[in-house]
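# Fold and contact review
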Amino acid sequence: DTGVSQDPRHKITKRGQNVTFRCDPISEHNRLYWYRQTLGQGPEFLTYFQNEAQLEKSRLLSDRFSAERPKGSFSTLEIQRTEQGDSAMYLCASSGGVGAHYTDTQYFGPGTRLTVL
Amino acid sequence: AQKVTQAQTEISVVEKEDVTLDCVYETRDTTYYLFWYKQPPSGELVFLIRRNSFDEQNEISGRYSWNFQKSTSSFNFTITASQVVDSAVYFCALSEGLYNQGGKLIFGQGTELSVKP
(Lines give C-alpha, C1' and ligand atoms only; values in the text may rest on other atoms or scores of the structure.)
Protein backbone atom coordinates (compact mmCIF):
# COMPACT_ATOMS: atom_id res chain seq x y z
CA ASP A 1 0.00 0.00 0.00
CA THR A 2 1.72 3.20 -1.16
CA GLY A 3 1.52 6.35 0.91
CA VAL A 4 0.68 9.91 -0.08
CA SER A 5 2.97 11.23 -2.79
CA GLN A 6 3.66 14.81 -3.83
CA ASP A 7 5.36 16.28 -6.86
CA PRO A 8 7.65 18.13 -7.16
CA ARG A 9 9.54 17.83 -3.91
CA HIS A 10 11.23 21.16 -4.42
CA LYS A 11 10.34 24.17 -6.52
CA ILE A 12 12.28 27.39 -6.96
CA THR A 13 10.54 30.16 -8.84
CA LYS A 14 10.78 33.87 -9.42
CA ARG A 15 8.30 36.30 -7.97
CA GLY A 16 5.29 36.72 -10.23
CA GLN A 17 5.45 33.25 -11.78
CA ASN A 18 2.70 30.65 -11.46
CA VAL A 19 3.38 27.26 -9.89
CA THR A 20 1.37 24.06 -9.62
CA PHE A 21 1.82 21.20 -7.20
CA ARG A 22 0.35 17.72 -7.37
CA CYS A 23 -0.76 15.35 -4.62
CA ASP A 24 -1.69 11.69 -5.00
CA PRO A 25 -3.49 10.41 -1.90
CA ILE A 26 -3.57 6.88 -0.54
CA SER A 27 -5.67 5.12 -3.15
CA GLU A 28 -8.73 4.22 -1.09
CA HIS A 29 -8.92 7.57 0.74
CA ASN A 30 -11.75 9.90 -0.32
CA ARG A 31 -10.62 12.93 1.72
CA LEU A 32 -7.69 15.10 0.77
CA TYR A 33 -6.24 18.08 2.63
CA TRP A 34 -3.71 20.79 1.85
CA TYR A 35 -1.65 22.51 4.55
CA ARG A 36 1.13 25.09 4.50
CA GLN A 37 4.06 25.09 6.91
CA THR A 38 6.50 27.95 7.34
CA LEU A 39 9.81 27.67 9.15
CA GLY A 40 9.45 27.06 12.87
CA GLN A 41 5.67 26.81 12.75
CA GLY A 42 3.11 24.05 12.77
CA PRO A 43 1.22 23.25 9.57
CA GLU A 44 -1.78 25.48 8.81
CA PHE A 45 -4.89 24.24 7.08
CA LEU A 46 -5.57 25.56 3.57
CA THR A 47 -8.37 23.49 2.06
CA TYR A 48 -10.10 20.11 2.06
CA PHE A 49 -11.85 17.87 -0.47
CA GLN A 50 -14.25 15.02 -0.01
CA ASN A 51 -14.13 13.14 -3.29
CA GLU A 52 -14.17 15.92 -5.91
CA ALA A 53 -16.04 18.45 -3.78
CA GLN A 54 -14.05 21.22 -2.12
CA LEU A 55 -15.80 21.45 1.25
CA GLU A 56 -13.77 23.98 3.19
CA LYS A 57 -11.27 26.74 2.43
CA SER A 58 -9.21 28.67 4.93
CA ARG A 59 -9.01 32.46 4.87
CA LEU A 60 -5.30 31.85 4.25
CA LEU A 61 -6.25 30.74 0.75
CA SER A 62 -6.19 34.04 -1.08
CA ASP A 63 -7.64 34.44 -4.58
CA ARG A 64 -4.17 33.70 -5.99
CA PHE A 65 -4.52 30.13 -4.73
CA SER A 66 -6.74 27.53 -6.34
CA ALA A 67 -7.07 23.83 -5.66
CA GLU A 68 -8.82 21.14 -7.67
CA ARG A 69 -9.55 17.47 -7.41
CA PRO A 70 -11.33 16.83 -10.70
CA LYS A 71 -11.92 13.08 -10.52
CA GLY A 72 -11.78 12.59 -6.79
CA SER A 73 -8.32 11.08 -6.98
CA PHE A 74 -5.23 13.32 -7.29
CA SER A 75 -5.35 17.02 -6.47
CA THR A 76 -3.50 20.08 -7.71
CA LEU A 77 -2.72 23.30 -5.89
CA GLU A 78 -1.90 26.30 -8.07
CA ILE A 79 -0.43 29.58 -6.89
CA GLN A 80 -0.65 32.45 -9.34
CA ARG A 81 1.64 35.49 -9.31
CA THR A 82 3.81 34.06 -6.54
CA GLU A 83 5.11 36.35 -3.82
CA GLN A 84 8.08 35.88 -1.50
CA GLY A 85 5.66 35.31 1.36
CA ASP A 86 4.43 32.17 -0.39
CA SER A 87 7.75 30.46 0.34
CA ALA A 88 6.85 27.50 2.54
CA MET A 89 6.40 23.73 2.65
CA TYR A 90 3.10 22.68 1.12
CA LEU A 91 1.83 19.46 2.67
CA CYS A 92 -0.88 17.14 1.44
CA ALA A 93 -2.70 14.59 3.59
CA SER A 94 -5.44 12.03 3.02
CA SER A 95 -7.92 10.07 5.12
CA GLY A 96 -11.24 8.24 4.81
CA GLY A 97 -11.86 5.10 2.81
CA VAL A 98 -14.53 2.43 3.22
CA GLY A 99 -15.20 -0.55 5.43
CA ALA A 100 -12.24 -2.09 7.18
CA HIS A 101 -9.90 0.38 5.46
CA TYR A 102 -11.66 3.47 6.81
CA THR A 103 -9.59 5.84 8.95
CA ASP A 104 -10.06 9.30 10.46
CA THR A 105 -6.30 9.68 10.73
CA GLN A 106 -4.69 12.01 8.22
CA TYR A 107 -1.54 10.59 6.62
CA PHE A 108 0.86 13.10 5.15
CA GLY A 109 2.99 13.18 2.05
CA PRO A 110 6.63 14.35 1.96
CA GLY A 111 5.65 17.90 1.02
CA THR A 112 6.67 20.34 -1.71
CA ARG A 113 9.14 22.98 -0.61
CA LEU A 114 8.53 26.23 -2.50
CA THR A 115 11.13 28.99 -2.64
CA VAL A 116 10.12 32.27 -4.27
CA LEU A 117 13.07 34.46 -5.21
CA ALA B 1 -12.25 28.70 19.09
CA GLN B 2 -9.88 25.82 18.58
CA LYS B 3 -6.31 26.14 19.75
CA VAL B 4 -3.38 23.89 20.57
CA THR B 5 -0.51 25.13 22.72
CA GLN B 6 2.87 23.48 23.02
CA ALA B 7 4.66 25.73 25.46
CA GLN B 8 8.04 24.02 25.12
CA THR B 9 9.72 25.29 21.96
CA GLU B 10 12.93 23.29 22.39
CA ILE B 11 14.01 20.51 24.73
CA SER B 12 17.49 19.05 24.93
CA VAL B 13 18.22 15.82 26.80
CA VAL B 14 20.99 13.29 27.02
CA GLU B 15 20.38 9.80 25.69
CA LYS B 16 18.51 7.47 28.07
CA GLU B 17 16.81 10.33 29.87
CA ASP B 18 13.01 10.38 30.04
CA VAL B 19 11.33 13.41 28.49
CA THR B 20 7.74 14.69 28.50
CA LEU B 21 6.31 16.94 25.79
CA ASP B 22 3.35 19.02 26.91
CA CYS B 23 0.21 19.78 24.91
CA VAL B 24 -2.79 21.84 26.01
CA TYR B 25 -5.82 22.26 23.79
CA GLU B 26 -8.95 24.41 23.61
CA THR B 27 -12.21 23.46 21.95
CA ARG B 28 -15.90 24.10 22.48
CA ASP B 29 -16.78 20.78 20.87
CA THR B 30 -17.51 17.77 23.06
CA THR B 31 -16.36 15.35 20.35
CA TYR B 32 -12.88 15.63 18.97
CA TYR B 33 -9.68 13.79 18.17
CA LEU B 34 -6.20 14.52 19.46
CA PHE B 35 -3.06 13.51 17.61
CA TRP B 36 0.70 13.47 17.91
CA TYR B 37 2.92 13.61 14.83
CA LYS B 38 6.70 13.43 14.52
CA GLN B 39 8.60 15.49 11.93
CA PRO B 40 12.20 14.31 11.54
CA PRO B 41 14.79 16.41 9.68
CA SER B 42 13.63 14.86 6.39
CA GLY B 43 10.42 16.89 6.79
CA GLU B 44 7.68 14.27 6.45
CA LEU B 45 5.04 14.24 9.17
CA VAL B 46 4.78 10.78 10.72
CA PHE B 47 1.61 9.80 12.57
CA LEU B 48 2.20 8.53 16.12
CA ILE B 49 -1.15 8.32 17.89
CA ARG B 50 -4.82 9.33 17.78
CA ARG B 51 -7.19 9.51 20.75
CA ASN B 52 -10.87 10.42 20.74
CA SER B 53 -12.55 12.62 23.33
CA PHE B 54 -14.37 9.71 24.93
CA ASP B 55 -11.29 7.65 25.60
CA GLU B 56 -9.15 8.98 28.42
CA GLN B 57 -7.28 5.74 28.89
CA ASN B 58 -3.55 6.28 28.82
CA GLU B 59 -1.64 4.45 26.13
CA ILE B 60 1.80 2.90 26.00
CA SER B 61 3.60 1.81 22.86
CA GLY B 62 7.14 0.64 23.49
CA ARG B 63 9.11 3.61 24.84
CA TYR B 64 6.26 6.02 24.06
CA SER B 65 3.35 6.80 26.36
CA TRP B 66 0.53 9.31 26.26
CA ASN B 67 -1.46 10.86 29.10
CA PHE B 68 -4.86 12.34 28.15
CA GLN B 69 -6.66 14.37 30.83
CA LYS B 70 -9.88 16.12 29.84
CA SER B 71 -10.06 17.89 33.22
CA THR B 72 -6.94 19.88 32.35
CA SER B 73 -7.38 19.75 28.53
CA SER B 74 -3.98 18.17 28.20
CA PHE B 75 -2.53 15.40 26.06
CA ASN B 76 1.08 14.91 27.08
CA PHE B 77 3.63 12.64 25.42
CA THR B 78 6.46 10.89 27.29
CA ILE B 79 9.47 9.18 25.75
CA THR B 80 11.20 6.80 28.12
CA ALA B 81 14.92 6.13 27.77
CA SER B 82 15.29 8.57 24.88
CA GLN B 83 17.51 7.74 21.91
CA VAL B 84 19.31 9.90 19.36
CA VAL B 85 16.81 8.72 16.72
CA ASP B 86 14.04 10.42 18.71
CA SER B 87 15.48 13.81 17.74
CA ALA B 88 12.75 15.57 15.75
CA VAL B 89 10.02 18.18 15.97
CA TYR B 90 6.88 16.81 17.59
CA PHE B 91 3.45 18.27 16.89
CA CYS B 92 0.25 17.92 18.85
CA ALA B 93 -2.94 18.45 16.84
CA LEU B 94 -6.72 18.66 17.33
CA SER B 95 -9.63 17.97 14.99
CA GLU B 96 -13.23 18.56 15.93
CA GLY B 97 -15.93 15.96 15.27
CA LEU B 98 -15.62 12.21 15.22
CA TYR B 99 -16.25 9.39 12.80
CA ASN B 100 -16.45 10.62 9.25
CA GLN B 101 -16.72 14.30 10.18
CA GLY B 102 -13.60 14.99 8.15
CA GLY B 103 -12.21 17.68 10.45
CA LYS B 104 -9.16 19.76 9.58
CA LEU B 105 -6.20 19.50 11.92
CA ILE B 106 -5.26 22.41 14.16
CA PHE B 107 -1.58 22.08 15.06
CA GLY B 108 0.48 23.42 17.92
CA GLN B 109 3.73 25.20 17.14
CA GLY B 110 5.76 22.09 17.80
CA THR B 111 8.46 21.08 20.26
CA GLU B 112 11.94 20.46 18.89
CA LEU B 113 13.52 17.58 20.79
CA SER B 114 17.26 17.11 20.64
CA VAL B 115 18.68 13.92 22.13
CA LYS B 116 22.43 14.03 22.56
CA PRO B 117 24.59 10.90 22.82
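Going by the structure above, here's the rest.
All of the points below concern the structure found in this document. Here the structure is a predicted model, which is why all the values come from computation and not from measurement.

Before going further, it helps to examine the side chain of T47 of chain A. All names here are of chain A. Topologically, T47 is positioned in strand β5 (residues 44-50). A distance of 2.8 Å separates a polar side-chain atom of T47 from the backbone oxygen of E56. When sequence neighbours within four positions are dropped, the list of residues in contact with T47 reads L32, Y33, W34, Q54, E56, K57, L61 and A67.

Looking now at the pattern of salt bridges. Residues and elements named next belong to chain A. A complete count under the given rule lists eight salt bridges over all chains for this structure. Here R31 makes a salt bridge to D104, at a shortest N to O gap of 3.8 Å. One end of the pair, R31, is in strand β4 (residues 31-37); the other, D104, is in strand β10 (residues 103-108), and 73 residues separate them in sequence. When sorted by exposure, R31 lands in the same class as D104, which is buried. With its nearest N and O atoms 3.4 Å apart, the salt bridge here joins E83 to R64. Placement of E83 in the loop between β8 (75-79) and β9 (88-96) and of R64 in the loop between β6 (53-57) and β7 (65-68) is noted, with a sequence separation of 19 residues between them. Here R64 falls in the buried class, since its relative accessible area comes to 10%. One salt-bridge network, in which partners are shared between bridges, spans R64, E83 and D86.

What follows concerns the nonpolar core. Side chains of nonpolar character tend, in soluble globular proteins, to be buried together. By size, the foremost hydrophobic cluster in this structure holds 24 residues, and its most contacted members are W36, F75, F77, Y90 and L113 of chain B. Every element with two or more residues in this core is listed here: β2 (10-14), β3 (19-21), β5 (32-39), β8 (64-69), β9 (74-79), β10 (88-96) and β12 (111-116) of chain B. Examining the composition of this core, we find that four residues originate from one element, β10 of chain B, more than from any other. V19, L77, L114 and V116 of chain A belong to the second largest nonpolar core, which has 19 residues in total.

For the rest of this paragraph, the subject is the state of the cysteines. A full pass over the atoms with the stated rule returns two disulfides over all chains. Here C23 of chain A connects covalently by a disulfide to C92 of chain A, the sulfurs 1.8 Å from one another. Here C23 of chain A and C92 of chain A share a disulfide; its torsion about the S-S bond, -70°, makes the bridge left-handed. Linking C23 of chain A in strand β3 (residues 19-24) with C92 of chain A in strand β9, this pair joins segments that are 69 residues apart in sequence. A sulfur-sulfur distance of 2.0 Å marks the disulfide that ties C23 of chain B to C92 of chain B. Taking the torsion about the sulfur-sulfur bond, which here is approximately -65°, the covalent link between C23 of chain B and C92 of chain B counts as left-handed. In this pair, C23 of chain B sits in the loop between β3 and β4 (24-26) while C92 of chain B sits in strand β10, placing the two residues 69 residues apart along the sequence. Using a relative accessible area of 0% as the deciding quantity, one classes C23 of chain B as buried. Judged by its relative accessible area of 0%, C92 of chain B falls in the buried class.

Moving on: the sheet that holds strand β1 (residues 5-7) of chain A. Residue and element names in this part refer to chain A. The four strands lie next to each other as β1-β3-β8-β7, forming an open sheet whose pairing is antiparallel. Each edge of the open sheet carries a strand with a single partner, namely β1 and β7. Taken pair by pair, the neighbouring strands of this sheet meet at an average axis angle of 15°, ignoring direction. Looking at chain direction, β3 and β8 are connected through five bridges and run antiparallel. Bridged to T20 within β8 is E78.

What counts, and at which threshold
Residues numbered from 1 in each chain as written. Chains lettered and ligands numbered in written order. Predicted model: local features only at pLDDT ≥ 70, side-chain atom pairs only at ≥ 80, totals over all residues. Heavy atoms only, no water. Helix = DSSP H or I, 4+ residues; strand = E, 2+ residues; numbered from the N terminus. Polar contact = N/O pair within 3.5 Å; in protein donor to acceptor, adjacent residues only side chain to side chain. Contact = heavy atoms within 4.5 Å. Salt bridge = Lys/Arg side-chain N within 4 Å of Asp/Glu carboxyl O. Buried < 20%, exposed > 50% of the residue type's maximum accessible area, 1.4 Å probe, protein only. Core = buried A, V, L, I, M, F, W, Y, C linked by side-chain atoms within 4.5 Å. Disulfide = S-S within 2.5 Å. Pairing = 2+ DSSP bridges. Axes fitted to C-alpha atoms, helices over the stretch in contact; angles between N-to-C directions.

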